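This is what each chain is made of:
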Amino acid sequence: MKMLLQMLKVFLLFTGCTILFYYSIVWMNQEYENYHRYDEPEGSAVKVSTLEKHRSDWLERLLFFYRDGE
């Protein structure tokens with residue numbers, strides 16, 4: 001009987017922790033679902049990168065590939 005009571009305690013503790021974990025994940029998902037990370041920036045935002053177009057021959061690109069491993 002004592003072993004059955006211990007098993008019931010462990011089962012209830014495991015079930016309670018699982019439910020708590022599940023609802024905390026659901027809560028975090030709802031918080032970040034409303035977060036708009038692709039909105040236009042406000043204020044005096046500055047563009048970080050620019051694309052430079054420069055012509056390079058195939059040998060220069062091949063050497064760049066071997067040198068940098070990309």
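Read on for an overview of the structure. (Residues numbered from 1 in each chain as written. Predicted model: local features only at pLDDT ≥ 70, side-chain atom pairs only at ≥ 80, totals over all residues. Heavy atoms only, no water.)

## Describing the overall build of the protein
Then comes step 1: A count of helical and extended segments in the protein gives 2 helices and 0 strands.
Then comes step 2: For the protein, the accessible area works out to roughly 8100 Å², and carbon and sulfur atoms hold 63% of it. (Helix = DSSP H or I, 4+ residues; strand = E, 2+ residues; numbered from the N terminus. Areas by Shrake-Rupley, 256 points an atom, 1.4 Å probe, with all protein chains shown as cover.)

## Thoughts on a nonpolar patch on the surface
Then comes step 1: On the surface, Phe-21, Ile-25, Trp-27, Met-28, Tyr-32 and Tyr-35 cluster together into a nonpolar patch covering about 760 Å² of accessible area.
Then comes step 2: With respect to the secondary-structure elements, Tyr-32 resides in helix H1 (residues 2-33). (Patch = residues over 30% accessible without salt bridge, like charges linked within 9 Å, V, L, I, M, F, W, Y side chains within 5 Å. Salt bridge = Lys/Arg side-chain N within 4 Å of Asp/Glu carboxyl O.)

## Regarding the pattern of salt bridges
Then comes step 1: What the rule picks out here adds up to 1 salt bridge.
Then comes step 2: For Asp-68, the salt bridge goes to Arg-67, with nearest N and O atoms at 3.8 Å.
Then comes step 3: For Asp-68, a relative accessible area of 38% translates into the label partly exposed.
Then comes step 4: Relative accessible area serves as the criterion here: at 60%, Arg-67 is assigned to the exposed category. (Buried < 20%, exposed > 50% of the residue type's maximum accessible area, 1.4 Å probe, protein only.)

## Let's talk about H1
Then comes step 1: With 32 residues, H1 extends 47 Å from end C-alpha to end C-alpha; this agrees with the ideal 46 Å at 1.5 Å per step.
Then comes step 2: The buried fraction of H1 amounts to 0 of the 32 residues, a small share that puts the element mostly on the outside. (Expected span 1.5 Å × (residues − 1).)

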